[in-house]
Amino acid sequence: MKPNELSGDQLLHQLNNLTNVQFGKDENGKSRKRKRKENELNWMKKSIFFNLPYWSTLKLRHNLDVMHIEKNICDSVLGTLLNIDGKTKDTFKAQQDLCVMGIRKDLHLQPNGTSTSMPHANFTLSKAEKISFLDWLKGVKFPDGYASNISRCVNVKEGKISGMKSHDCHIFFQRLLPVAIRPYLSNEIRTTLIELSFFFKELCSRTLRLDVLKRMKDDIPVILCKLEKIFPPAFFDIMIHVAIHLPRGAELAGPVQFRWMYPIERCLGKYKQFVRNRARPEGSIAEGYLSVECLTFCSMYLRGIETKWTREERNSDGWQVEKSKGLSVFSQRVRPLGAVKFIKPEDKVLSKARWYVLNNCDEIASYIREHYDKIEGEGTVEIQSKHEAEFESWFRHRICGHNVETVSKQIYDLACGPDHQVAMFKGCIVNGVRFHIKDYKRTLRTQNSGIIVPGEHRMKNIDFYGELKNILVLRYGRNRVYLFECDWWDIGHRTRMQIDEHFMSVNTSRTWYASDPFILACQASQAFYLKDAKLGSSWQVVQKVTHRNIYDVPTILEGEIEEDDEGFGDEDEEDECVGGHAPVQQGNDEDSTPLRRDDVEPIVVDRSMLISDEANNEENETTYDDEEELSSNDEEDELSRNNDTNSSHEEELSCNSDTDSEDDMC
């Protein structure tokens, strides 16, 4: 059974029994030995924070840094999968440990005369698979402002990834790794890594529910147990084990986004830019920081010029400017980008665009219904097609023919129709989101043409996925209507769409609804697509995007009672690929997965390295046995026992593993 959860006062009572402990070595250079008393339990030291009067009453005395934990786990997983020198956990020493422990005999080192062969583990990619993996990663593109250019960190020739920052690891671990490993690893390994990735994805979502956190607390121990059946024991450092405490921290402190370390990391990066004299970095940072603070203070009193406080956001759509109230189709907040291009489209294309504008204007719904009833009363067979073809002229005659004074100026402009000369742009910003047409993205390192829009197909509400083809601007007098012309991917048949518990892939070789390509710019949501290396080049994995400062919070009507209202809001469904995170499967006790890969040649290790290493191990074991007879309470032994005993207890871990966690993070 796990230890009882102690309150802050109970912990303080135990810590008060500690004497003044001095760490390190004595004057003679020998390690200090001390014998622990019975009432001291297994504590090593008393944190100085307990000198604060309120510290023992805090529910969360140590807030684990999710950013660095996720980065360290990502580095360990990536280095082991790609077998990167210096970063992999599957070394010849790790396989020697397997032999000493007597487990996983398929991965034991095989002596061969003067050399020893090291089997290729099933969780490590081969050379050809590694090149394919890195080539796929080299071609990944993200929406504007979503992530940095991770392809710059990829070195296909040397077969490694280096230089990824904390946020790059955040994006890679949650978005790219689950998609990239699908064609290479076995089902058991692939599923476990995807479950770990989606655990962090749910943990880092902007809104959380307590029932989701409860499920995450139940899932993460199972995920770690699955990882222990896959990776060697050397893989499991303190960062891997501390992940089990993250849901508890989110339950007490709220969503992770309110305590990100990314702003501090960006500030530290800015401070490094102040260094001009490398012999005096501290003085350079102090001088540069002081100058920035002075300029920032002075800018608060400046008017009429752009300062730090009045600088416009990169993807600003002009929401600060008040829009005049009027028709819904004329009230879109759109900021066009690039040079304007005027064209004269075919009458058929312009007719479809005009019909879509009229059909999506809520203020003329009564006129649409009136004309539909008129056509229906005539006994026409094809009512809908005739209604679409004749409504525009009927509506113009209905408004302009009589009673012009009774309608608004915008209704009159809408009835008169748009100019035949249509403006086109290569990009625009809508609701703080940047869009580009698909032909423009070929010259960029970003992709901003992915479109998702809710719609209806055969009386069912579904999401349509496609790419932005053109941005049209129809001019109704002084009013503007912004339309997106899109190519929709055909998902009408199950052979053109693949959905599993984690991903959704669409076949982009065939389009759909070619006769209805238009949507209003304000109706579009952005997505980006990743090549599905498992299914083929024409298949793309859909990745939905939740943009900054946009929260998915349910609207509660007046008098309506929300069920399960305990929590931090609604789960961030927009941040999930398909349907959220699937429950973790327990699996079978019998592991039928082969531990080694026979299709890859084993690595040859020099026998002399192993002999010297075995001799060192024997010497260390002898020394350890002698010291154990003298004292079983060595400082390092106590620390390891302390971590093992309290690995399932957040409050005790926060006091005892604080120093180790911070060191590993750095």
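Residues numbered from 1 in each chain as written. Predicted model: local features only at pLDDT ≥ 70, side-chain atom pairs only at ≥ 80, totals over all residues. Heavy atoms only, no water.

Asks: Any chance you could explain the packing of aromatic side chains here in plain terms?
Replies: Working definition: an aromatic ring pair is given by the centre-to-centre distance plus the angle between the planes. In the structure shown here, the tally under the stated rule is 25 aromatic pairs. Here the aromatic residues W355, Y367, F391, W394 and F395 are joined through ring pairs into a cluster of three or more. In this arrangement the basic side chain of K201 is found over the ring face of F198, its NZ or CZ atom lying 5.2 Å from the centre. (Phe/Tyr/Trp six-rings, centres within 6.5 Å; stacked < 30°, edge-to-face > 60°. Lys NZ or Arg CZ within 6 Å of the ring centre and 35° of its normal.)

Asks: Explanation requested: a nonpolar patch on the surface in the structure shown.
Replies: Taken together, the side chains of I48, F49, L52 and Y54 present a nonpolar region at the surface, about 400 Å² in accessible area. With respect to the secondary-structure elements, L52 resides in the loop between α1 (8–15) and α2 (66–82). Among the residues examined, L52 registers a relative accessible area of 31% and is labelled partly exposed. (Patch = residues over 30% accessible without salt bridge, like charges linked within 9 Å, V, L, I, M, F, W, Y side chains within 5 Å. Areas by Shrake-Rupley, 256 points an atom, 1.4 Å probe, with all protein chains shown as cover. Salt bridge = Lys/Arg side-chain N within 4 Å of Asp/Glu carboxyl O. Helix = DSSP H or I, 4+ residues; strand = E, 2+ residues; numbered from the N terminus. Buried < 20%, exposed > 50% of the residue type's maximum accessible area, 1.4 Å probe, protein only.)

Asks: I tried to follow the pairing of strand β9 (residues 433–436) on my own but got confused; where do I start?
Replies: Strand residues, when the strand is regular, have side chains that alternate between the two faces of the sheet. On β9, burial covers both faces: V433 and F435 on one face and R434 and H436 on the other are all buried. In terms of strand pairing, strand β8 (residues 427–430) meets β9 through four bridges, oriented antiparallel. For G427, the partnering residue across the bridge sits in β9 and is H436. Between β8 and β9, which pair antiparallel and follow one another directly, the connecting turn spans two residues, one of which, N431, has a positive phi of 55°. (Pairing = 2+ DSSP bridges.)

Asks: Whenever I open this one, the sheet that holds β8 confuses me. Can you help?
Replies: Paired through backbone hydrogen bonds, the strands of a sheet run either parallel or antiparallel to each other. Taken in spatial order, the three strands of this open sheet run β5-β8-β9, and their pairing is antiparallel. One side of each edge strand has no neighbouring strand; the edge strands of this open sheet are β5 (334–337) and β9. Neighbour to neighbour, the strand axes of the sheet diverge by 20° on average, direction disregarded. Alignment of β5 against β8, held across four bridges, turns out to be antiparallel. Note that in β8 the partner of V334 across the bridge is V430. (Axes fitted to C-alpha atoms, helices over the stretch in contact; angles between N-to-C directions.)

Asks: Please clarify how helix α12 (residues 347–359) should be interpreted in this entry.
Replies: Note: α-helices contain 3.6 residues per turn, so residues at a spacing of three or four share the same orientation. Look at α12: 18 Å from first C-alpha to last across 13 residues, which is about the 18 Å you get at 1.5 Å a residue. Every buried residue of α12 is accounted for by L350, A353, R354, W355, Y356, V357 and L358. (Expected span 1.5 Å × (residues − 1).)

Asks: It is not clear to me how the layout of surface pockets should be interpreted in this structure. Could you clarify?
Replies: Take a probe with the size of a water molecule and roll it over the atoms, and the empty space left behind shows itself. For the second largest pocket, the calculated volume is near 660 Å³. Taken together, 22 residues line the second largest pocket, and the ones lying closest to its centre are W355, Y356, N359, D516 and F518. Those elements that provide at least two residues to the lining of the second largest pocket are α12, α14 (383–400), β10 (450–457) and β16 (518–520). The element that contributes the greatest number of residues to the lining of the second largest pocket is α12, accounting for five residues. Looking at the lining of the second largest pocket, its residues break down into eleven nonpolar, seven polar and four charged. (1 Å grid on protein atoms, 1.4 Å probe; cavity = no way out; pocket = protein on both sides within 12 Å on 5 of 7 lines; lining within 4 Å. Points joined across faces, edges and corners; volume = space filled by probe spheres on them. Nonpolar A, V, L, I, M, F, W, Y, C, P; charged D, E, K, R; others polar.)

Asks: How should I be thinking about the packing of helix α4 (residues 127–138) against helix α5 (residues 166–180) in this particular structure?
Replies: For any two helices packed against each other, the geometry comes down to the angle between their axes and how far apart the axes lie. It is at 11 Å that the axes of α4 and α5 come closest, and there the two elements cross at 130°. Considering their axes alone, α4 and α5 lie oblique with respect to each other. For the pair α4 and α5, the sense of crossing is right-handed. Contacts between α4 and α5 pair F133, W136 and L137 from the former with F172, L176, V179 and A180 from the latter. In terms of residue class, the contact of α4 with α5 is made up of seven nonpolar, no polar and no charged. (Parallel < 35°, antiparallel > 145°, perpendicular 65-115°, else oblique. Left-handed = near helix turned anticlockwise from the far one by under 90°. Contact = heavy atoms within 4.5 Å.)

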